[in-house]
Amino acid sequence: MKPVCVLGNGQLGRMLRQAGEPLGIAVFPVGLDAEPEAVPYQQSVITAEIERWPETPLTKELARHNAFINRDIFPRLADRFPQKSLFDSLGLATAPWACLESKDQWPELFSTLGDFLIVKRRTGWL
């Protein structure tokens, strides 16, 4: 079984490592500040558990590696707009949201959604 390198060493990365142990899968959660030489990615499957990461020698190396299994779809996965739109079209419960296209929308958003808003910058594909 190939080892798995997970870009991101937060809670999800650690949970993946723990889940892999009984299956005999070595999972290596990798911090963004790790040096490429310290990560056994050459013979590993590579994935990520974080949406955005800074450009570092390690992230550049992993992003172009052919074993990064979700490399070509990752920008789409990191973009919440298609996910939220799909939930709405299926009538599934989700937190209220709106696509902010102009600063002129702020008053309407506060009126509709309330005083406590979380603003996320859109990444990925349009």
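The structure presented is a predicted model; accordingly, all values stated were derived computationally and were not measured. (Residues numbered from 1 in each chain as written. Predicted model: local features only at pLDDT ≥ 70, side-chain atom pairs only at ≥ 80, totals over all residues. Heavy atoms only, no water.)

(A) Focus on a nonpolar patch on the surface. Side chains of L86, F87, L90 and L92 sit close together on the surface and give an oily, nonpolar patch of about 370 Å² of accessible area. Residue position: L86 is located in helix α4 (residues 80-90). (Patch = residues over 30% accessible without salt bridge, like charges linked within 9 Å, V, L, I, M, F, W, Y side chains within 5 Å. Areas by Shrake-Rupley, 256 points an atom, 1.4 Å probe, with all protein chains shown as cover. Salt bridge = Lys/Arg side-chain N within 4 Å of Asp/Glu carboxyl O. Helix = DSSP H or I, 4+ residues; strand = E, 2+ residues; numbered from the N terminus.)

(B) Looking closely at the environment of S89. Within the fold, S89 resides in helix α4. In the structure, S89 is positioned 64 residues away from I25 in sequence and 38 Å away in space, judged by C-alpha atoms. Side-chain polar atoms of S89 contact the backbone oxygen of L86, separated by 2.9 Å. (Polar contact = N/O pair within 3.5 Å; in protein donor to acceptor, adjacent residues only side chain to side chain.)

(C) Summary view of the sheet that holds strand β1 (residues 4-7). Spatially, the three strands line up as an open sheet ordered β2-β1-β3, and their pairing is parallel. Pairing within the sheet leaves two strands with one partner each, and these edge strands are β2 (27-30) and β3 (45-48). Put simply, the sheet's adjacent strands are angled 20° from each other on average, direction ignored. Pairing geometry for β1 and β3, over four bridges, is parallel. If you follow L7 over to β3, its bridge partner there is A48. (Pairing = 2+ DSSP bridges. Axes fitted to C-alpha atoms, helices over the stretch in contact; angles between N-to-C directions.)

(D) Seen up close, the pattern of salt bridges. Across all of its chains, the model carries two salt bridges by this definition. A salt bridge links K60 to E55; the nearest nitrogen and oxygen atoms lie 3.8 Å apart. Across the pair E61 and R64 runs a salt bridge, and its minimum N-O distance is 3.0 Å. Among the residues examined, E61 registers a relative accessible area of 23% and is labelled partly exposed. For R64, a relative accessible area of 56% puts it in the exposed group. (Buried < 20%, exposed > 50% of the residue type's maximum accessible area, 1.4 Å probe, protein only.)

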